[in-house]
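Tertiary structure, described
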Number of protein chains: 2
Amino acid sequence: MNKGKKAVVLLSGGLDSTTVMAIAKNEGFLVYGITFDYGQRHSSEIKAAKRIAKDFGAEKHFVIKIDLRKIGGSALTADIDVPKMEQAEQSGIPVTYVPARNTIFLSIALACAEVLGALDIFIGVNSIDYSGYPDCRPEYIESFEQTANLATKMSVEEKKHINIRTPLINMTKADIIRKGIELGVDYSITHSCYDPSPGGLACGNCQSCLLRKKGFIKAGLPDPTKYMI
Amino acid sequence: MNKGKKAVVLLSGGLDSTTVMAIAKNEGFLVYGITFDYGQRHSSEIKAAKRIAKDFGAEKHFVIKIDLRKIGGSALTADIDVPKMEQAEQSGIPVTYVPARNTIFLSIALACAEVLGALDIFIGVNSIDYSGYPDCRPEYIESFEQTANLATKMSVEEKKHINIRTPLINMTKADIIRKGIELGVDYSITHSCYDPSPGGLACGNCQSCLLRKKGFIKAGLPDPTKYMI
(Lines give C-alpha, C1' and ligand atoms only; values in the text may rest on other atoms or scores of the structure.)
Protein backbone atom coordinates (compact mmCIF):
# COMPACT_ATOMS: atom_id res chain seq x y z
CA MET A 1 0.00 0.00 0.00
CA ASN A 2 0.90 3.63 -0.36
CA LYS A 3 0.04 4.93 3.09
CA GLY A 4 1.46 8.42 3.55
CA LYS A 5 2.58 8.72 -0.08
CA LYS A 6 1.28 11.66 -2.04
CA ALA A 7 -0.54 11.50 -5.36
CA VAL A 8 -1.73 14.25 -7.68
CA VAL A 9 -5.16 13.52 -9.17
CA LEU A 10 -6.46 15.40 -12.21
CA LEU A 11 -9.99 16.30 -11.30
CA SER A 12 -12.41 17.57 -13.96
CA GLY A 13 -15.51 17.25 -11.83
CA GLY A 14 -16.79 14.42 -14.04
CA LEU A 15 -17.59 10.78 -13.44
CA ASP A 16 -14.26 9.38 -14.61
CA SER A 17 -11.91 11.60 -12.62
CA THR A 18 -14.06 11.18 -9.50
CA THR A 19 -13.74 7.41 -9.81
CA VAL A 20 -9.97 7.84 -10.20
CA MET A 21 -9.91 9.92 -7.02
CA ALA A 22 -11.71 7.08 -5.20
CA ILE A 23 -9.21 4.54 -6.57
CA ALA A 24 -6.20 6.64 -5.45
CA LYS A 25 -7.70 7.08 -1.97
CA ASN A 26 -8.45 3.36 -1.80
CA GLU A 27 -4.79 2.62 -2.62
CA GLY A 28 -3.81 4.60 0.48
CA PHE A 29 -2.51 7.79 -1.13
CA LEU A 30 -2.77 11.26 0.35
CA VAL A 31 -4.59 12.89 -2.55
CA TYR A 32 -3.98 16.36 -4.02
CA GLY A 33 -6.57 17.46 -6.57
CA ILE A 34 -5.74 19.64 -9.55
CA THR A 35 -8.40 21.25 -11.74
CA PHE A 36 -8.00 23.52 -14.75
CA ASP A 37 -10.07 26.59 -15.39
CA TYR A 38 -9.16 26.75 -19.07
CA GLY A 39 -11.96 28.83 -20.49
CA GLN A 40 -14.33 25.90 -20.95
CA ARG A 41 -17.84 27.13 -21.65
CA HIS A 42 -19.22 26.89 -18.15
CA SER A 43 -18.09 26.78 -14.57
CA SER A 44 -20.21 23.78 -13.49
CA GLU A 45 -17.20 21.49 -13.91
CA ILE A 46 -15.07 23.56 -11.56
CA LYS A 47 -17.82 23.77 -8.94
CA ALA A 48 -18.23 19.99 -9.12
CA ALA A 49 -14.46 19.48 -8.81
CA LYS A 50 -14.42 21.62 -5.66
CA ARG A 51 -17.25 19.59 -4.11
CA ILE A 52 -15.48 16.34 -4.97
CA ALA A 53 -12.09 17.42 -3.58
CA LYS A 54 -13.83 18.37 -0.34
CA ASP A 55 -15.90 15.18 -0.25
CA PHE A 56 -12.78 13.03 -0.60
CA GLY A 57 -10.80 14.98 1.98
CA ALA A 58 -8.09 16.03 -0.49
CA GLU A 59 -5.02 17.48 1.27
CA LYS A 60 -5.21 20.42 -1.12
CA HIS A 61 -7.07 21.34 -4.27
CA PHE A 62 -5.25 23.43 -6.86
CA VAL A 63 -7.45 25.28 -9.33
CA ILE A 64 -5.18 26.57 -12.08
CA LYS A 65 -6.33 29.19 -14.53
CA ILE A 66 -5.03 28.95 -18.04
CA ASP A 67 -6.71 30.75 -20.87
CA LEU A 68 -6.92 28.26 -23.74
CA ARG A 69 -9.61 30.42 -25.33
CA LYS A 70 -6.81 32.61 -26.62
CA ILE A 71 -5.73 29.60 -28.64
CA GLY A 72 -9.20 28.16 -29.41
CA GLY A 73 -9.58 25.27 -31.85
CA SER A 74 -12.26 23.32 -29.97
CA ALA A 75 -16.02 23.37 -29.42
CA LEU A 76 -15.15 23.60 -25.71
CA THR A 77 -12.92 26.66 -25.96
CA ALA A 78 -14.10 28.54 -29.07
CA ASP A 79 -17.38 29.57 -30.63
CA ILE A 80 -18.10 26.22 -32.25
CA ASP A 81 -21.39 24.45 -31.41
CA VAL A 82 -21.22 21.39 -29.18
CA PRO A 83 -22.63 18.53 -31.30
CA LYS A 84 -25.84 16.82 -30.18
CA MET A 85 -27.33 13.31 -30.55
CA GLU A 86 -26.43 11.47 -33.81
CA GLN A 87 -23.86 14.10 -34.66
CA ALA A 88 -22.25 13.46 -31.25
CA GLU A 89 -21.77 9.82 -32.18
CA GLN A 90 -19.87 10.32 -35.42
CA SER A 91 -16.50 8.65 -35.84
CA GLY A 92 -13.10 10.39 -36.11
CA ILE A 93 -11.71 12.99 -33.74
CA PRO A 94 -14.69 15.05 -32.49
CA VAL A 95 -14.90 18.86 -32.42
CA THR A 96 -14.87 18.67 -28.63
CA TYR A 97 -11.20 17.59 -28.86
CA VAL A 98 -9.11 20.37 -27.27
CA PRO A 99 -5.67 20.63 -28.92
CA ALA A 100 -2.96 19.11 -26.71
CA ARG A 101 -5.19 19.31 -23.65
CA ASN A 102 -3.93 16.27 -21.80
CA THR A 103 -0.32 17.21 -22.51
CA ILE A 104 -0.94 20.66 -21.02
CA PHE A 105 -2.81 19.25 -18.02
CA LEU A 106 -0.27 16.51 -17.33
CA SER A 107 2.62 18.99 -17.59
CA ILE A 108 1.13 21.27 -14.97
CA ALA A 109 0.26 18.26 -12.80
CA LEU A 110 3.91 17.22 -13.16
CA ALA A 111 5.07 20.62 -11.86
CA CYS A 112 2.68 20.22 -8.96
CA ALA A 113 3.91 16.68 -8.24
CA GLU A 114 7.52 17.85 -8.23
CA VAL A 115 6.83 20.65 -5.75
CA LEU A 116 4.89 18.25 -3.49
CA GLY A 117 7.34 15.36 -3.88
CA ALA A 118 4.58 13.14 -5.29
CA LEU A 119 5.63 10.35 -7.66
CA ASP A 120 2.17 9.31 -8.83
CA ILE A 121 -0.08 11.34 -11.12
CA PHE A 122 -3.55 9.92 -11.70
CA ILE A 123 -5.58 10.79 -14.80
CA GLY A 124 -8.96 9.39 -15.83
CA VAL A 125 -8.23 8.87 -19.53
CA ASN A 126 -10.11 6.12 -21.26
CA SER A 127 -9.31 4.57 -24.63
CA ILE A 128 -12.66 2.74 -24.99
CA ASP A 129 -15.17 5.58 -25.00
CA TYR A 130 -12.68 8.25 -26.07
CA SER A 131 -10.88 6.29 -28.77
CA GLY A 132 -11.13 9.37 -31.00
CA TYR A 133 -8.87 11.43 -28.74
CA PRO A 134 -5.19 10.82 -29.52
CA ASP A 135 -4.11 11.85 -26.02
CA CYS A 136 -6.27 9.21 -24.31
CA ARG A 137 -4.39 6.24 -25.81
CA PRO A 138 -1.95 4.01 -23.87
CA GLU A 139 0.94 4.75 -26.29
CA TYR A 140 0.52 8.46 -25.68
CA ILE A 141 0.48 8.03 -21.90
CA GLU A 142 3.60 5.81 -21.98
CA SER A 143 5.42 8.41 -24.04
CA PHE A 144 4.40 11.24 -21.73
CA GLU A 145 5.66 9.22 -18.76
CA GLN A 146 9.05 8.81 -20.46
CA THR A 147 9.22 12.54 -21.16
CA ALA A 148 8.23 13.36 -17.57
CA ASN A 149 11.07 11.21 -16.29
CA LEU A 150 13.56 13.20 -18.40
CA ALA A 151 12.02 16.58 -17.50
CA THR A 152 12.29 17.12 -13.78
CA LYS A 153 14.84 17.61 -11.04
CA MET A 154 13.32 14.81 -8.98
CA SER A 155 13.51 12.26 -11.79
CA VAL A 156 16.90 13.29 -13.25
CA GLU A 157 18.92 14.45 -10.22
CA GLU A 158 17.21 12.40 -7.51
CA LYS A 159 16.54 9.37 -9.77
CA LYS A 160 12.96 8.94 -8.61
CA HIS A 161 10.51 7.37 -11.05
CA ILE A 162 7.35 9.30 -11.89
CA ASN A 163 4.29 7.18 -12.67
CA ILE A 164 1.41 8.35 -14.83
CA ARG A 165 -1.44 6.23 -13.48
CA THR A 166 -4.45 5.53 -15.73
CA PRO A 167 -6.61 3.01 -13.87
CA LEU A 168 -9.59 3.50 -16.23
CA ILE A 169 -7.77 3.27 -19.53
CA ASN A 170 -9.22 -0.11 -20.57
CA MET A 171 -12.56 0.06 -18.74
CA THR A 172 -16.00 0.62 -20.26
CA LYS A 173 -18.19 3.36 -18.76
CA ALA A 174 -20.30 0.65 -17.08
CA ASP A 175 -17.15 -0.90 -15.52
CA ILE A 176 -16.08 2.55 -14.27
CA ILE A 177 -19.48 3.18 -12.66
CA ARG A 178 -19.54 -0.27 -11.03
CA LYS A 179 -16.03 0.31 -9.66
CA GLY A 180 -16.99 3.74 -8.29
CA ILE A 181 -20.17 2.47 -6.64
CA GLU A 182 -18.13 -0.37 -5.06
CA LEU A 183 -15.81 2.31 -3.60
CA GLY A 184 -18.73 4.38 -2.32
CA VAL A 185 -18.68 7.22 -4.88
CA ASP A 186 -21.72 9.51 -4.84
CA TYR A 187 -22.12 10.28 -8.53
CA SER A 188 -24.82 12.85 -7.89
CA ILE A 189 -22.12 15.43 -7.12
CA THR A 190 -20.27 14.87 -10.40
CA HIS A 191 -20.79 16.79 -13.62
CA SER A 192 -20.24 15.40 -17.15
CA CYS A 193 -22.25 17.63 -19.51
CA TYR A 194 -20.45 19.70 -22.18
CA ASP A 195 -23.35 22.12 -22.55
CA PRO A 196 -25.34 22.57 -19.32
CA SER A 197 -28.19 25.03 -18.68
CA PRO A 198 -27.31 28.34 -17.02
CA GLY A 199 -28.51 26.74 -13.76
CA GLY A 200 -26.07 23.85 -14.24
CA LEU A 201 -28.48 21.10 -15.37
CA ALA A 202 -27.03 18.50 -17.76
CA CYS A 203 -28.35 18.83 -21.34
CA GLY A 204 -28.85 15.09 -21.72
CA ASN A 205 -27.83 14.86 -25.36
CA CYS A 206 -24.21 15.90 -25.87
CA GLN A 207 -21.55 13.21 -26.34
CA SER A 208 -20.63 13.29 -22.68
CA CYS A 209 -24.25 13.03 -21.41
CA LEU A 210 -25.00 10.21 -23.88
CA LEU A 211 -21.99 8.21 -22.69
CA ARG A 212 -22.92 8.76 -19.06
CA LYS A 213 -26.56 7.71 -19.53
CA LYS A 214 -25.59 4.55 -21.44
CA GLY A 215 -23.00 3.72 -18.79
CA PHE A 216 -25.56 3.67 -15.98
CA ILE A 217 -27.99 1.63 -18.12
CA LYS A 218 -25.30 -0.94 -18.99
CA ALA A 219 -24.12 -1.10 -15.37
CA GLY A 220 -27.74 -1.77 -14.35
CA LEU A 221 -27.52 1.03 -11.78
CA PRO A 222 -29.71 4.09 -11.26
CA ASP A 223 -28.37 7.36 -12.74
CA PRO A 224 -28.62 10.12 -10.11
CA THR A 225 -28.11 12.88 -12.73
CA LYS A 226 -30.83 15.46 -13.34
CA TYR A 227 -31.07 16.01 -17.10
CA MET A 228 -32.94 18.78 -18.92
CA ILE A 229 -34.40 16.15 -21.28
CA MET B 1 13.29 27.03 -47.59
CA ASN B 2 10.09 27.30 -45.65
CA LYS B 3 8.46 30.25 -47.40
CA GLY B 4 4.82 30.55 -46.35
CA LYS B 5 5.12 27.81 -43.69
CA LYS B 6 4.14 28.73 -40.17
CA ALA B 7 6.30 28.30 -37.07
CA VAL B 8 5.54 28.88 -33.40
CA VAL B 9 8.44 30.53 -31.55
CA LEU B 10 8.64 30.52 -27.75
CA LEU B 11 9.57 34.06 -26.88
CA SER B 12 10.72 34.93 -23.36
CA GLY B 13 11.99 38.39 -24.20
CA GLY B 14 15.57 37.27 -23.59
CA LEU B 15 18.66 37.03 -25.74
CA ASP B 16 18.31 33.34 -26.62
CA SER B 17 14.67 33.30 -27.75
CA THR B 18 15.19 36.52 -29.74
CA THR B 19 18.06 34.88 -31.61
CA VAL B 20 15.80 31.87 -32.26
CA MET B 21 13.14 34.21 -33.66
CA ALA B 22 15.76 35.67 -36.04
CA ILE B 23 16.82 32.15 -37.11
CA ALA B 24 13.20 31.09 -37.81
CA LYS B 25 12.58 34.26 -39.84
CA ASN B 26 15.83 33.72 -41.72
CA GLU B 27 14.68 30.19 -42.64
CA GLY B 28 11.64 31.74 -44.32
CA PHE B 29 8.94 30.91 -41.75
CA LEU B 30 5.91 33.03 -40.98
CA VAL B 31 6.54 33.42 -37.25
CA TYR B 32 3.97 33.30 -34.45
CA GLY B 33 5.32 34.30 -31.05
CA ILE B 34 4.11 32.76 -27.79
CA THR B 35 4.98 34.19 -24.38
CA PHE B 36 3.94 33.02 -20.93
CA ASP B 37 2.87 35.29 -18.15
CA TYR B 38 3.40 32.66 -15.47
CA GLY B 39 3.74 34.75 -12.37
CA GLN B 40 7.44 35.41 -12.84
CA ARG B 41 8.58 38.15 -10.51
CA HIS B 42 8.44 41.03 -12.93
CA SER B 43 6.80 42.04 -16.17
CA SER B 44 9.96 43.29 -17.94
CA GLU B 45 10.25 39.96 -19.76
CA ILE B 46 6.75 40.24 -21.20
CA LYS B 47 7.24 43.84 -22.26
CA ALA B 48 10.48 42.84 -24.00
CA ALA B 49 8.73 39.91 -25.71
CA LYS B 50 6.05 42.25 -27.06
CA ARG B 51 8.69 44.63 -28.45
CA ILE B 52 10.53 41.74 -30.08
CA ALA B 53 7.41 40.21 -31.66
CA LYS B 54 6.58 43.59 -33.16
CA ASP B 55 10.16 44.23 -34.27
CA PHE B 56 10.28 40.89 -36.14
CA GLY B 57 6.86 41.37 -37.74
CA ALA B 58 5.35 38.28 -36.09
CA GLU B 59 2.00 37.30 -37.66
CA LYS B 60 0.57 37.12 -34.17
CA HIS B 61 1.86 37.19 -30.60
CA PHE B 62 0.06 35.06 -28.04
CA VAL B 63 0.58 36.06 -24.41
CA ILE B 64 -0.81 33.23 -22.30
CA LYS B 65 -1.46 33.68 -18.61
CA ILE B 66 -0.86 30.71 -16.38
CA ASP B 67 -0.46 31.10 -12.68
CA LEU B 68 2.49 28.91 -11.70
CA ARG B 69 2.75 30.88 -8.44
CA LYS B 70 -0.07 28.71 -7.14
CA ILE B 71 2.34 25.80 -7.51
CA GLY B 72 5.56 27.62 -6.57
CA GLY B 73 8.79 25.66 -6.11
CA SER B 74 11.19 28.13 -7.76
CA ALA B 75 12.98 31.37 -7.01
CA LEU B 76 11.19 32.75 -10.06
CA THR B 77 7.66 31.87 -8.94
CA ALA B 78 7.81 31.74 -5.13
CA ASP B 79 9.27 33.81 -2.33
CA ILE B 80 12.78 32.41 -2.60
CA ASP B 81 15.68 34.83 -3.17
CA VAL B 82 17.28 34.89 -6.60
CA PRO B 83 20.93 33.90 -6.04
CA LYS B 84 23.67 36.45 -6.79
CA MET B 85 27.34 36.30 -7.90
CA GLU B 86 29.30 33.24 -6.63
CA GLN B 87 26.14 31.63 -5.38
CA ALA B 88 24.67 31.98 -8.88
CA GLU B 89 27.56 29.96 -10.28
CA GLN B 90 27.18 26.90 -8.08
CA SER B 91 26.76 23.51 -9.73
CA GLY B 92 23.67 21.29 -9.65
CA ILE B 93 20.14 22.32 -10.52
CA PRO B 94 19.73 25.97 -9.47
CA VAL B 95 16.85 27.40 -7.40
CA THR B 96 15.80 29.35 -10.49
CA TYR B 97 14.73 26.02 -12.04
CA VAL B 98 10.94 26.15 -12.45
CA PRO B 99 9.40 22.67 -12.10
CA ALA B 100 8.39 21.24 -15.48
CA ARG B 101 8.48 24.69 -17.08
CA ASN B 102 9.60 23.71 -20.57
CA THR B 103 7.11 20.82 -20.63
CA ILE B 104 4.30 23.23 -19.77
CA PHE B 105 5.48 25.84 -22.28
CA LEU B 106 6.02 23.33 -25.09
CA SER B 107 2.60 21.75 -24.45
CA ILE B 108 0.82 25.06 -24.83
CA ALA B 109 2.94 25.92 -27.88
CA LEU B 110 1.88 22.53 -29.29
CA ALA B 111 -1.80 23.43 -28.86
CA CYS B 112 -1.09 26.72 -30.59
CA ALA B 113 0.76 24.99 -33.44
CA GLU B 114 -2.11 22.57 -33.94
CA VAL B 115 -4.69 25.35 -34.18
CA LEU B 116 -2.49 27.29 -36.63
CA GLY B 117 -1.45 24.23 -38.64
CA ALA B 118 2.23 24.90 -37.85
CA LEU B 119 4.58 21.90 -37.82
CA ASP B 120 7.64 23.64 -36.38
CA ILE B 121 7.99 24.82 -32.78
CA PHE B 122 11.17 26.75 -32.00
CA ILE B 123 12.56 26.95 -28.46
CA GLY B 124 15.79 28.56 -27.33
CA VAL B 125 16.99 25.85 -24.94
CA ASN B 126 20.69 25.49 -24.47
CA SER B 127 22.52 22.57 -22.92
CA ILE B 128 25.87 24.36 -22.54
CA ASP B 129 25.01 27.26 -20.23
CA TYR B 130 21.91 25.63 -18.77
CA SER B 131 23.31 22.14 -18.24
CA GLY B 132 21.73 22.17 -14.78
CA TYR B 133 18.22 22.27 -16.16
CA PRO B 134 16.95 18.78 -17.03
CA ASP B 135 14.45 20.15 -19.56
CA CYS B 136 17.14 21.88 -21.62
CA ARG B 137 18.92 18.64 -22.62
CA PRO B 138 18.71 17.06 -26.10
CA GLU B 139 17.33 13.75 -24.74
CA TYR B 140 14.48 15.61 -23.09
CA ILE B 141 13.63 17.53 -26.29
CA GLU B 142 13.71 14.33 -28.39
CA SER B 143 11.35 12.66 -25.95
CA PHE B 144 8.97 15.62 -25.93
CA GLU B 145 8.93 15.57 -29.74
CA GLN B 146 7.93 11.88 -29.69
CA THR B 147 5.15 12.59 -27.20
CA ALA B 148 3.92 15.56 -29.26
CA ASN B 149 3.66 13.33 -32.30
CA LEU B 150 1.42 10.90 -30.38
CA ALA B 151 -0.66 13.68 -28.79
CA THR B 152 -2.40 15.63 -31.50
CA LYS B 153 -5.02 15.28 -34.19
CA MET B 154 -2.65 16.67 -36.82
CA SER B 155 0.12 14.17 -36.05
CA VAL B 156 -2.06 11.09 -35.41
CA GLU B 157 -5.01 11.51 -37.81
CA GLU B 158 -3.35 13.63 -40.48
CA LYS B 159 0.08 11.95 -40.12
CA LYS B 160 2.01 15.22 -40.14
CA HIS B 161 5.32 15.33 -38.30
CA ILE B 162 5.80 17.96 -35.62
CA ASN B 163 9.35 19.22 -35.17
CA ILE B 164 10.69 20.69 -31.95
CA ARG B 165 13.45 22.95 -33.24
CA THR B 166 16.33 23.85 -30.92
CA PRO B 167 18.88 25.72 -33.02
CA LEU B 168 20.87 26.93 -29.98
CA ILE B 169 21.10 23.65 -28.09
CA ASN B 170 24.84 23.14 -28.62
CA MET B 171 25.94 26.77 -28.91
CA THR B 172 27.82 28.82 -26.34
CA LYS B 173 26.44 32.24 -25.35
CA ALA B 174 29.15 33.88 -27.46
CA ASP B 175 28.16 31.76 -30.50
CA ILE B 176 24.52 32.74 -29.98
CA ILE B 177 25.36 36.44 -29.83
CA ARG B 178 27.57 36.23 -32.94
CA LYS B 179 24.78 34.42 -34.81
CA GLY B 180 22.21 37.02 -33.75
CA ILE B 181 24.40 39.97 -34.72
CA GLU B 182 25.03 38.31 -38.10
CA LEU B 183 21.21 38.15 -38.56
CA GLY B 184 20.78 41.78 -37.54
CA VAL B 185 19.36 41.30 -34.02
CA ASP B 186 19.20 44.44 -31.89
CA TYR B 187 19.97 43.02 -28.44
CA SER B 188 19.23 46.32 -26.72
CA ILE B 189 15.51 45.46 -26.81
CA THR B 190 15.97 42.06 -25.11
CA HIS B 191 15.77 41.37 -21.39
CA SER B 192 17.66 38.61 -19.54
CA CYS B 193 17.75 39.62 -15.86
CA TYR B 194 15.99 37.46 -13.24
CA ASP B 195 15.79 40.31 -10.75
CA PRO B 196 15.50 43.74 -12.40
CA SER B 197 14.94 47.10 -10.69
CA PRO B 198 11.37 48.39 -10.48
CA GLY B 199 12.22 50.53 -13.50
CA GLY B 200 13.30 47.44 -15.47
CA LEU B 201 17.12 47.82 -15.28
CA ALA B 202 19.10 44.56 -15.27
CA CYS B 203 20.69 43.78 -11.87
CA GLY B 204 24.00 42.74 -13.39
CA ASN B 205 24.78 39.92 -10.97
CA CYS B 206 22.15 37.16 -11.18
CA GLN B 207 22.97 33.97 -13.10
CA SER B 208 21.26 35.25 -16.21
CA CYS B 209 23.02 38.66 -16.19
CA LEU B 210 26.40 37.01 -15.53
CA LEU B 211 25.94 34.64 -18.49
CA ARG B 212 24.89 37.51 -20.73
CA LYS B 213 27.82 39.74 -19.77
CA LYS B 214 30.35 36.94 -20.29
CA GLY B 215 28.76 36.08 -23.63
CA PHE B 216 29.33 39.56 -25.06
CA ILE B 217 32.89 39.64 -23.72
CA LYS B 218 33.72 36.24 -25.26
CA ALA B 219 32.06 37.21 -28.55
CA GLY B 220 34.21 40.35 -28.56
CA LEU B 221 31.12 42.48 -29.16
CA PRO B 222 29.76 45.48 -27.23
CA ASP B 223 26.95 44.68 -24.73
CA PRO B 224 24.11 47.19 -25.25
CA THR B 225 22.51 46.28 -21.88
CA LYS B 226 22.14 48.92 -19.17
CA TYR B 227 23.05 47.28 -15.84
CA MET B 228 22.46 48.66 -12.36
CA ILE B 229 26.06 47.66 -11.46
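My aim in this report is to walk through the structure given alongside it, one point at a time.

This paragraph deals with the overall build of chain A. Of the regular secondary structure elements, chain A holds eight helices and five strands. For chain A, the N- to C-terminal ordering of α and β elements is β-α-β-α-β-α-α-β-α-α-β-α-α. Expected size for 229 residues packed as a compact globule is a radius of gyration near 17 Å; at 17 Å, chain A falls within 12% of this value. The contacts in chain A between residues at least 6 apart in sequence include a share of 69% that link residues at least 24 apart.

To continue, consider the nonpolar core. Among the nonpolar cores identified, the biggest contains 136 residues, and Val-9, Ala-109 and Cys-112 of chain A together with Val-9, Ala-109 and Cys-112 of chain B are the most heavily contacted of them. Discounting residues that sit within four places of it in the chain, Cys-112 of chain A has contacts with Val-8, Tyr-32, Ile-34 and Phe-62 of chain A together with Ile-71 of chain B.

As a further point, take the environment of Arg-69 of chain B. Residue placement: Arg-69 of chain B occurs in the loop between β3 (60-65) and α3 (85-88). Between the C-alpha atom of Arg-69 of chain B and that of Tyr-38 of chain B, which follows or precedes it by 31 residues, the distance is 7.3 Å.

Our focus in this paragraph is the sheet that holds strand β1 (residues 6-10) of chain B. All names here are of chain B. Strand order in this open sheet of five strands is β3-β2-β1-β4-β5, and the pairing throughout is parallel. In the strand order of this sheet, the two ends are held by β3 and β5 (163-165), each with one partner. Between one strand axis and the next, the sheet turns through 25° on average, direction left out of account. In this structure, β1 lies alongside strand β4 (residues 120-122), joined through three bridges in parallel fashion. Opposite Val-9, over in β4, you have Phe-122 as the bridge partner. Helix α2 (residues 44-55) rests against β2 (30-37) and β3 of the sheet, and its axis sits at about 170° to β2.

At the interface, 37 residues of chain A touch 37 residues of chain B. Those elements that place two or more of their residues in the side of chain A that touches chain B are β3 (60-65), α4 (101-116), α5 (138-151) and α6 (153-156) of chain A. When residues of the side of chain A that touches chain B are assigned to their parent elements, the largest contribution, nine residues, is made by α4 of chain A. Across the side of chain A that touches chain B, the residue classes tally to 21 nonpolar, eight polar and eight charged.

Attention now goes to the packing of helix α1 (residues 15-26) of chain A against helix α7 (residues 173-182) of chain A. All names here are of chain A. Where α1 contacts α7, the axes come no closer than 9 Å and their chain directions differ by 45°. Put simply, α1 runs oblique to α7. Viewed along their axes, α1 and α7 form a crossing whose handedness is left-handed. Contact residues: α1 offers Leu-15, Asp-16, Thr-18, Thr-19 and Ala-22, while α7 offers Ile-176, Lys-179 and Gly-180. In terms of residue class, the contact of α1 with α7 is built from three nonpolar, three polar and two charged.

So, on to helix α1 (residues 15-26) of chain B. Residue and element names in this part refer to chain B. Counted at 1.5 Å a residue, the expected span for α1 with its twelve residues is 16 Å, and the 17 Å between its end C-alpha atoms agrees. Of all twelve residues in α1, ten are buried, a share of seventy percent or more. Residues of α1 that are buried include every one of Leu-15, Asp-16, Ser-17, Thr-18, Thr-19, Val-20, Met-21, Ala-22, Ile-23 and Ala-24, and no others. As for α1, its buried residues are in contact with β1, β2, α2, β4, α7 (173-182) and α8 (207-219). Note on α1: the residue one or two positions beyond its end, Gly-28, has a positive phi of about 100°.

Residue and element names in this part refer to chain A. The terminal C-alpha atoms of helix α2 (residues 44-55) lie 16 Å apart, and with twelve residues this matches the ideal 16 Å at 1.5 Å per residue to within 8%. By the burial criterion, the buried members of α2 are Ser-44, Glu-45, Ile-46, Ala-48, Ala-49, Ile-52 and Ala-53. If you follow the buried residues of α2, they end up packed against α1, β2 (30-37) and β3. Following α2 by one or two positions, Gly-57 has its phi on the positive side, about 65°.

Expressed as a screw operation, the relation of chain A to chain B combines 0.0 Å of axial shift with a rotation of 180°, fitting to an RMSD of 0.0 Å. Those values place the two copies in the arrangement expected of a two-fold rotation axis. Considering only C-alpha atoms, the residue of chain A closest to the rotation axis is Ile-66 of chain A, which sits at 2.4 Å. Of the residues that chain A buries at the interface, 100% are likewise interface residues in chain B, meaning the two copies contact each other through the same surface.

Moving on to unusual backbone geometry. Unusually for a residue other than glycine, Ala-100 of chain A sits at a positive phi of about 55°. Within the secondary structure, Ala-100 of chain A is located in the loop between α3 (85-88) and α4.

This paragraph deals with the environment of Lys-213 of chain A. Residue and element names in this part refer to chain A. On the secondary structure map, Lys-213 appears in helix α8 (residues 207-219). What makes Lys-213 partly exposed here is the crowd of 18 C-beta atoms within 10 Å. Remark: the alpha-carbon pair of Lys-213 and Ala-174, spanning 39 residues in sequence, is separated by 9.8 Å.

On to the sheet that holds strand β4 (residues 120-122) of chain A, then. Neighbouring strands of a sheet are bound in pairs by backbone hydrogen bonds; such pairs are parallel or else antiparallel. All names here are of chain A. Strand order across the open sheet formed by five strands is β3-β2-β1-β4-β5, with parallel pairing between neighbours. Each end of this open sheet is capped by a strand with a single partner; those strands are β3 and β5 (163-165). Sheet twist, expressed as the mean angle between neighbouring strand axes with direction ignored, is 25°. Two strands pair when backbone bridges link them, and β4 and β5 are joined in this way by three bridges, in the parallel orientation. Within β5, the position partnered with Ile-121 by the bridge is Ile-164. Packed on one face of the sheet, α4 meets β1 (6-10), β2, β3, β4 and β5 and runs near 160° to β1.

Calculation notes
Residues numbered from 1 in each chain as written. Chains lettered and ligands numbered in written order. Predicted model: local features only at pLDDT ≥ 70, side-chain atom pairs only at ≥ 80, totals over all residues. Helix = DSSP H or I, 4+ residues; strand = E, 2+ residues; numbered from the N terminus. Rg over C-alpha atoms; globule rule 2.2 N^0.38 Å. Contact = placed C-beta atoms within 7 Å. Core = buried A, V, L, I, M, F, W, Y, C linked by C-beta atoms within 7 Å. Buried ≥ 20, exposed ≤ 12 C-beta atoms within 10 Å, placed from the backbone. Pairing = 2+ DSSP bridges. Axes fitted to C-alpha atoms, helices over the stretch in contact; angles between N-to-C directions. Nonpolar A, V, L, I, M, F, W, Y, C, P; charged D, E, K, R; others polar. Parallel < 35°, antiparallel > 145°, perpendicular 65-115°, else oblique. Left-handed = near helix turned anticlockwise from the far one by under 90°. Expected span 1.5 Å × (residues − 1). Least-squares fit on C-alpha atoms with pLDDT ≥ 70 in both.

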